[in-house]
Amino acid sequence: MPNVSVKVKWGKEMYPGVEVNTDDEPVLFKAQIFALTGVQPDRQKVVCKGVTLRDDAWGNFKLTNNALVLVMGSKEEDVPSAPVEQTRFVEDMNESELATALDLPEGLINLGNTCYMNATVQCLKTVPELKNALLDYDKSSGGGTAGELTAALSETMRALEGGGAGACAGAAARLLRALHEAAPRFAERGAGGGLAQQDASECWSEIVRALQSRLPVAPAPPTGDRTSVIEQYFGGTLDVELVCSEADEPPTKSTESFLQLSCFISQDVKYLQSGLRSKMSEQITKLSQTLGRDAIYTKTSKISRLPAYLTVQFVRFYYKEKESINAKILKDVKFPLDLDVYELCSPELQERLAPMRSKFKELDDAKVETSLSARNKSHGDSKKDSKRKTVLPYWFENDVGSNNSGYYRLQAVLTHRGRSSSSGHYVAWVARGGGWLRCDDDAVTPVPEEEVLKLSGGGDWHCAYLLLYGPRILELAEEVEEPMVTEVAEDPAGDPPTALA
């Protein structure tokens, strides 16, 4: 039987009742040991009945119920090492460096070509409404493999929120197992017997599909006909019109739903916006009832509902029949930090977007005037206005989870480095506060904004594969009349408004 319960002994510590599935990679068992002991997998020597466990195969390492497994190895922090750079004291750091040094989030350990899963999770974690729904998820609610995958992702989110490296490693191992059960193709083995590399976009879609069926919307406020958190915050609709180019037929109109938009890369596409536009008007071939044969139709799509969080996939991979691989298009396609999709919307939606867009324009104009006024002020004038900010909802009143302006701000990028989707390496780049973090499996490091804009492609460096845009938040400053107070009131800090708060 693949599932056994063993006793793990590390030094003077004994951990009974550790569940092991020998159908999984041995590295998953090492991740469990890491979660228990804090000893990194590459520092572990795992022995049972005189046989040492390898990373790539169980081999002669046979486990039975109540077997004693010995673990040798020290925690990284227990091993003294020479400093690699000069020590910097907290007193010498600025506020940004201090925040970075003391508050870097956890990453997810690579369990053997699982970077595609780790990067996907880190990107999805940047959506506060989704994260809150997962933290509140009832893991005992069932739901088959989709329920197990949602429960495992819930546990992973909780571990990333402050559970420590050990908890994150254990959660990642359980998430991988749940992903394999929900979609067995992700359990495929490579030529060497280890787990094969997978497509991060397919992993993203599989996880989102499971969450769509398992995360219902909050009972209030009203959300229209959308029944899941995914549809509410990630789902959009398109008004589609088909016009036959070869016959005098009345146009066919319909509505389509989407959870992400695609940017097809051709020789003419140099920017994200042009790639999205080209997909909105295309030629297709379908059966004409008038002609009784296939005919060419012009398909025109306009967005009639914008989601709060817009996912865009760069279609960078195509199947190369000769080599039997999904080859990669390395072309450089620029993408913006601030995205405006107004021109992709239907006239009806454009009219609804106009009021909030006018407010953004007024705010931007006021900022320009304030900047010019500040330059003209005397240096001796130290008087400052005491202000507080009012945050306006980013959704329409009768449609929580929508976008009411058409303005977006980039908050996560999932990149791929390599020449095919079945090889290479995936990394997540996520916005945090005023900066960015690079989440390369369990290594999380701060990066400047300029580095993110270099992920547009054009070479063997990391290329943007999936983009996640969030709603631009409108904050209006209100003057507070406090004639007897001379101190400056601080702006309230906190996360952007969420509909689940």
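Before reading further, recall that the structure is shown in the block above.
The model shown is predicted, which means the values in this text are computed figures rather than measured ones.

Visitor: Help me understand a nonpolar patch on the surface, please; the structure alone is not making it clear to me.
Guide: Taken together, M14, L68 and L70 make up a surface patch of nonpolar side chains, about 240 Å² in accessible area. Position of L70 among the secondary structure elements: in strand β5 (residues 68-72).

Visitor: I tried to follow the packing of helix α5 (residues 144-160) against helix α7 (residues 200-214) on my own but got confused; where do I start?
Guide: Each pair of packed helices can be summarised by the angle the axes make with each other and by the distance between the axes. With their axes 9 Å apart at the nearest point, α5 and α7 run at an angle of 100° to one another. Overall, the two elements α5 and α7 adopt an arrangement that is roughly perpendicular. Seen from α5, the contacting residues are A146, G147, L149, T150 and L153; seen from α7, they are E206, I207, A210, L211, S213 and R214. Its residues assigned to classes, the contact of α5 with α7 shows six nonpolar, three polar and two charged.

Visitor: Would you mind showing me how to read the sheet that holds strand β9 (residues 281-288) here?
Guide: The strands making up a sheet associate through backbone hydrogen bonding, with each pair oriented either parallel or antiparallel. Across the sheet, which stays open at both edges, the four strands sit in the order β7-β6-β10-β9 with antiparallel pairing between neighbours. The sheet is open, and its two borders are formed by β7 (252-258) and β9, each paired with just one other strand. Going from strand to strand, the sheet's axes swing by 35° on average, the running direction of each strand aside. Contacting β6 (236-244), β9 and β10 (293-305), helix α9 (residues 272-280) crosses the sheet at an angle of about 20° to β9.

Visitor: Got a minute to help me understand unusual backbone geometry in this structure?
Guide: Trans peptide bonds make up the majority, and among non-glycine residues the majority have a negative phi. Residues other than glycine seldom take positive phi values, yet N66 does so here, at roughly 70°. As for its placement among the helices and strands, N66 is situated in the loop between β4 (51-52) and β5. Positioned with a positive phi, D441 is a non-glycine residue whose angle comes to about 55°. Examined against the element boundaries, D441 turns out to sit in the loop between β18 (435-440) and β19 (443-447).

Visitor: How do you make sense of the pattern of salt bridges when you look at a structure like this?
Guide: Opposite charge on two side chains allows them to pair when their charged atoms are near. As enumerated under the stated definition, the model contains 24 salt bridges in all. Across the salt bridge formed by K125 and E161, the nearest N and O atoms sit 3.6 Å from each other. Taken as a pair, K125 in the loop between α3 (115-124) and α4 (128-135) and E161 in the loop between α5 and α6 (164-182) lie far apart in primary sequence, 36 residues in all. Note on K125: relative accessible area 17%, which makes it buried.

Visitor: Would you mind going over the sheet that holds β4 with me for this structure?
Guide: Strand order in the open sheet formed by five strands is β2-β1-β5-β3-β4, with mixed pairing between adjacent strands. Edge positions in the open sheet fall to β2 (13-21) and β4, since each of these has one partner strand only. Note that strand β1 (residues 3-10) and β5 share four bridges and pair parallel. Pairing of W10 across the sheet is with V71, part of β5. Set on the sheet, helix α1 (residues 26-37) makes contact with β1, β2, β3 (45-48) and β5; between it and β2 the angle comes to about 150°.

Visitor: Looking at this structure, how should I read the nonpolar core?
Guide: Of all hydrophobic cores here, the largest spans 68 residues; its most connected members are L111, Y116, L130, F234 and L414. With nine residues, the top contributor of residues to this core is α6. Within the second largest apolar cluster, 37 residues are counted, among which are C263, L306, V333 and L410.

Visitor: Please clarify how the side chain of E25 should be interpreted in this entry.
Guide: Tracing the backbone shows E25 in the loop between β2 and α1. Overall, E25 belongs to the buried group, its relative accessible area being 7%. What E25 contacts, discounting residues up to four positions off in sequence, is D55, D56, W58, R189, G193, G194 and L195.

Visitor: Please clarify how α7 should be interpreted in this entry.
Guide: In this model, α7 (15 residues) spans 21 Å end to end at C-alpha, consistent with the 21 Å of a helix rising 1.5 Å per residue. Measuring from the backbone nitrogen of S201 back to the side-chain oxygen at the start of α7 gives 2.8 Å, which picks out D199 as the cap.

Visitor: What exactly am I supposed to notice about the environment of C115 here?
Guide: Inspection of the secondary structure assignment puts C115 in helix α3. With 325 residues separating them along the chain, C115 and D440 place their C-alpha atoms 7.7 Å apart. What C115 contacts, discounting residues up to four positions off in sequence, is N110, Q197, H425, Y426 and D441.

Visitor: How should the side chain of T150 be read in this particular structure?
Guide: Within the secondary structure, T150 is located in helix α5. A distance of 2.8 Å separates the side chain of T150 from the backbone oxygen of A146, its partner in a polar contact. Among all residues touching T150, those that are not within four sequence positions of it are L134, Y137, A210, L211, R214 and L215.

Visitor: For this particular structure, what's the right way to read the packing of aromatic side chains?
Guide: Each aromatic ring pair is characterised by the separation of its centres together with the angle its planes make. Summed over the entire model, instances satisfying the criterion amount to eight aromatic pairs. Seen in terms of ring centroids, Y116 and F186 are 5.8 Å apart; in terms of plane orientation they differ by 15°. Their pairing is stacked. With Y116 in helix α3 and F186 in the loop between α6 and α7, the pair connects residues that are 70 residues apart, well separated along the chain. Residue classification places Y116 among the buried positions, given a relative accessible area of 1%. The exposure class of F186 is buried, given its relative accessible area of 1%. Consider the rings of Y394 and W395, whose centres lie 4.8 Å apart with planes at 90°: the pair is edge-to-face. In this structure Y394 comes out as buried when scored by relative accessible area, which is 2%.

What counts, and where the lines are drawn
Residues numbered from 1 in each chain as written. Predicted model: local features only at pLDDT ≥ 70, side-chain atom pairs only at ≥ 80, totals over all residues. Heavy atoms only, no water. Patch = residues over 30% accessible without salt bridge, like charges linked within 9 Å, V, L, I, M, F, W, Y side chains within 5 Å. Areas by Shrake-Rupley, 256 points an atom, 1.4 Å probe, with all protein chains shown as cover. Salt bridge = Lys/Arg side-chain N within 4 Å of Asp/Glu carboxyl O. Helix = DSSP H or I, 4+ residues; strand = E, 2+ residues; numbered from the N terminus. Axes fitted to C-alpha atoms, helices over the stretch in contact; angles between N-to-C directions. Parallel < 35°, antiparallel > 145°, perpendicular 65-115°, else oblique. Contact = heavy atoms within 4.5 Å. Nonpolar A, V, L, I, M, F, W, Y, C, P; charged D, E, K, R; others polar. Pairing = 2+ DSSP bridges. Buried < 20%, exposed > 50% of the residue type's maximum accessible area, 1.4 Å probe, protein only. Core = buried A, V, L, I, M, F, W, Y, C linked by side-chain atoms within 4.5 Å. Expected span 1.5 Å × (residues − 1). Polar contact = N/O pair within 3.5 Å; in protein donor to acceptor, adjacent residues only side chain to side chain. Phe/Tyr/Trp six-rings, centres within 6.5 Å; stacked < 30°, edge-to-face > 60°.

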